Amino acid sequence: MSVTHRLRVLLPDRSDLADVCRSPRRDLLAGLTVAIVALPLALGFGVSSGLGAAAGLATAVVAGALAAVFGGSNLQVSGPTGAMTVVLVPIVAEHGAGGVLTVGLMAGVMLVALAVMGAGRYMRYVPAPVVEGFTLGIACVIGLQQIPNALGVRGVEGDRVLVVAWRASVEFAREPNWTAIGLAGAVAAAMLLGGRWRPTVPFSLLAVAAATVVVQVAGLRDARPIGELPAGLPAPSLAFLDPGRFGTLLAPAVAVAALAALESLLSASVADGMTVGQRHDPDRELFGQGLANIAAPLFGGVPATGAIARTAVNVRTGATSRLAALTHAAILAAVVFAAAPLVAKVPLAALAGVLLATAIRMIEVGSLLALARATRSDALTLVLTAAATLALDLVYAVIIGLLVAGALALRAVAQQARLDEVPLDPGDHTEEEHALLAEHIVAYRLDGPLFFAAAHRFLLELSEVADVRVVILRMSRVTTVDATGALVLKDAVAKLHRRGIVVMASGIRPAQLPALDAVGALGLLRAEGREYADTPEAIRAARGHLETVGLIPAPTAGTRGTAGRGADS
């Protein structure tokens, strides 16, 4: 498929327009509700990222609109998120605001490239413990990031949230700011308690508005406001772009692109699970997020992703199409142009309270407990991913989680591989004949996958076969064979041959033949150049070999041809 054709597939089509026209009133109402919820979050995440509240609003407007039009989900709402701010804080500290904008632009190009290559479908392979551990770690990081503003402490900066939170706590102990902590606590409590009482009421906006009014009326000087905001979006500009810094910013850009892809596709999957009949296109979603992240930096915005919390609100309030997300972006644009002076007076401590409540809501205790109780492997993967998210980079945390989950899964699969000795079926043999055959022939059944993780244990078991003359390997239950497994099998058979033991195999599946043939194992398993389709045939060949070497007598005319009948494959 050509690149041009892939791009045509990723662009919006007539069906998207038809969906928009289906229930406009419900979508407009849902968009209004999401905008009310998103306003304090956009301000808070903009401040937390280090670029300011204006950057958060610009991101919500520009990225939110473009991702709604070009994304792969009808219900996804995009904008600045807590997970992304966690990644951006160290980038701001090291490379400044211009570095963050450049990283966002580079990440957008990478996302578009991933969409063209069809990489979106691989999201389904991320295990649930990795996702839950990642989410738990992000929630902890977001909460720790709010400690300085919640305590009203100034001048405490750094890219390690644990260190910054500790320093802020020490400063607060020296000079307590009870106004800030009171505002943050009141806003967080209003959101958490009010949300349980009336889930449809936007308590975040009401609490922030009430905190702003209290500060202004009471003249509380200890409550720092957001500060001056521009009345509108700035003109698009590439002045921040410095091609000479691309090399040093490549690694952060990869981290941002990976996080944007992971969080956006996860959010879209959550939206699908909350509805009936909605299914997102993962490649189109990456394409839309890529365009959004290319455009947002031009207006001074931070990198964006699909936002799980806002998307969930969108679904719960009845959204049916992209019109809801577009309405959300349009309303936030109106706020930027018409209400910037009012928004500038919002206390930073109030926004810290919003984000603290958001972090607490991100933690699904029931899901965490269910995964922790499922298996030890799931619990270990969850804990390690969460710890790595808190202590390291988010992308490293996902990589660590995937590696741990993969290693534990391989271990579990490898343990399923078994080599069991099975008795020969007496069939039509007399007891005396069967006893004689059993002295010279041993049959083993191989169960499960024969691959690198289980192969060496198999080699040890097979190499310790007792002193017999013929070994029959029943391979009909082998699920897969890789090159390592084939090599180990060849090695084990060669060792038995050197001891004078003939090895025969039955029931080899056609899919296993290429790997066995490539390493030379197939020739060793074909005694006298023959393949044995099933175990009875292999037993008859084994008896024929024993007769030839004179270890057992040839059967009489009346019993010839019955040996081995009735054995299973």
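Counting restarts for each chain, with residues numbered from 1 along the sequence as it is written. Under the rules for a predicted model, residues below a pLDDT of 70 receive no local features and side-chain atom pairs below 80 are neither given nor counted, while totals for whole chains, interfaces and linings still include all residues. To get the side-chain values, take all heavy atoms of the structure and skip hydrogens and water.

Brief notes about the overall build of the chain
Then, number 1: What counts as a helix is a DSSP run of H or I of at least four residues, what counts as a strand is a run of E of at least two, and both are numbered from the N terminus. When you go through the chain residue by residue, the secondary structure sums to 25 helices and seven strands.
Then, number 2: Whereas a compact globule of 569 residues would reach a radius of gyration of roughly 25 Å, the chain reaches 33 Å, over 25% beyond that.
Then, number 3: Reported as C-alpha extents along the three principal axes, the dimensions of the chain are approximately 110 × 60 × 50 Å.
Then, number 4: Burial classes: relative accessible area under 20% of the type maximum marks a residue as buried, over 50% as exposed, and values in between as partly exposed (1.4 Å probe, protein chains only). Sorting the 569 residues of the chain into buried and exposed places 51% on the buried side. Here the globule rule is a power law, 2.2 Å times the number of residues to the power 0.38, and the radius of gyration is based on C-alpha atoms.

Considering the packing of helix α17 (residues 365–374) against helix α18 (residues 376–391)
Then, number 1: With axes taken as lines fitted to C-alpha atoms, and helix axes fitted only over the stretch in contact, angles between N-to-C directions fall between 0 and 180 degrees. The contact between α17 and α18 brings their axes to 5 Å, and the two run at 130 degrees. By the angle between their axes, α17 is oblique relative to α18. Touching L368, L371, A372 and A374 of α17 are D378, A379 and L382, all from α18.
Then, number 2: Each residue receives one of three labels: charged for Asp, Glu, Lys and Arg, nonpolar for Ala, Val, Leu, Ile, Met, Phe, Trp, Tyr, Cys and Pro, and polar for the others, Gly being one of them. Per-class residue counts for the contact of α17 with α18 are six nonpolar, no polar and one charged. Our angle categories are set so that under 35 degrees counts as roughly parallel, over 145 as roughly antiparallel, 65 to 115 as roughly perpendicular, and the remainder as oblique. Contacts are assigned to residue pairs that have any heavy atoms within 4.5 Å of one another.

Re the environment of T305
Then, number 1: By the secondary structure assignment, T305 is in strand β2 (residues 305–306).
Then, number 2: In this structure, the C-alpha to C-alpha distance between T305 and G82, residues 223 residues apart in sequence, is 9.8 Å.
Then, number 3: With sequence-adjacent residues up to four places away left out, T305 is seen in contact with V77, S78, G79, T81, M84, A260, E263, S264 and Q289.

Observations concerning helix α4 (residues 53–70)
Then, number 1: Take the residue count of a helix, subtract one, and multiply by 1.5 Å to get its expected span. If you check α4, its first and last C-alpha atoms are 26 Å apart, about what 18 residues at 1.5 Å a residue would give, namely 26 Å.
Then, number 2: In terms of burial, α4 is a largely internal element, 13 of the 18 residues being buried.

Focus: the packing of aromatic side chains
Then, number 1: To pair, rings of Phe, Tyr and Trp, with the six-membered ring standing in for Trp, must have centres within 6.5 Å; the planes then decide the type, stacked if under 30 degrees apart, edge-to-face if over 60, and tilted in the middle. One pass over the structure, following the stated rule, counts two aromatic pairs.
Then, number 2: Here the aromatic rings of F172 and W178 are separated by 5.3 Å at their centres, their planes lie at 80 degrees, and the arrangement is edge-to-face.
Then, number 3: Judged by centre distance (6.4 Å) and plane angle (45 degrees), the rings of W197 and F203 are tilted.
Then, number 4: Note on F203: relative accessible area 17%, which makes it buried.

Structural notes on the packing of helix α11 (residues 246–273) against helix α13 (residues 308–316)
Then, number 1: One way to put it is that α11 packs onto α13 with a least axis distance of 9 Å and a crossing angle of 20 degrees. When the axes of α11 and α13 are compared, the pair comes out roughly parallel. Of the two possible hands of crossing, α11 and α13 adopt the one that is right-handed. Only I308, T311 and V315 of α13 make contact with α11, whose side of the interface consists of L266, S267 and A271.
Then, number 2: Partitioned by chemical class, the residues of the contact of α11 with α13 number four nonpolar, two polar and no charged. A clockwise turn of the near helix away from the far one marks a right-handed crossing, whereas an anticlockwise turn of less than a right angle marks a left-handed crossing.

With respect to the side chain of T212
Then, number 1: Mapped onto the elements, T212 comes out in helix α10 (residues 203–218).
Then, number 2: A relative accessible area of 11% means that T212 is categorised as buried.
Then, number 3: Those residues in contact with T212 that lie beyond four places of it in its chain are K345, V346 and P347.

Details of the pattern of salt bridges
Then, number 1: Throughout this description, the term salt bridge denotes a Lys or Arg side-chain nitrogen within 4 Å of a carboxyl oxygen of Asp or Glu. Evaluation of the coordinates by the stated rule reveals four salt bridges.
Then, number 2: A salt bridge links D19 to R22, with the shortest nitrogen-to-oxygen separation between them at 2.9 Å.
Then, number 3: A residue is classified by how much of its surface remains accessible, and D19, at 14% relative accessible area, is buried.
Then, number 4: The exposure class of R22 is exposed, given its relative accessible area of 58%.

Comments concerning helix α22 (residues 483–498)
Then, number 1: An ideal rise of 1.5 Å per residue puts 22 Å on 16 residues; α22 measures up with 23 Å between its terminal C-alpha atoms.
Then, number 2: Polar contacts, as counted here, are pairs of nitrogen or oxygen atoms within 3.5 Å of one another; within protein the pair requires one atom able to donate a hydrogen and one able to accept it, and residues that are adjacent in sequence qualify only if both atoms are side-chain atoms. Sitting at the head of α22, D482 places a side-chain oxygen 3.3 Å from the backbone nitrogen of T484.
Then, number 3: Trailing α22 by a residue or two, G500 shows a phi angle of about 80 degrees, which is positive.

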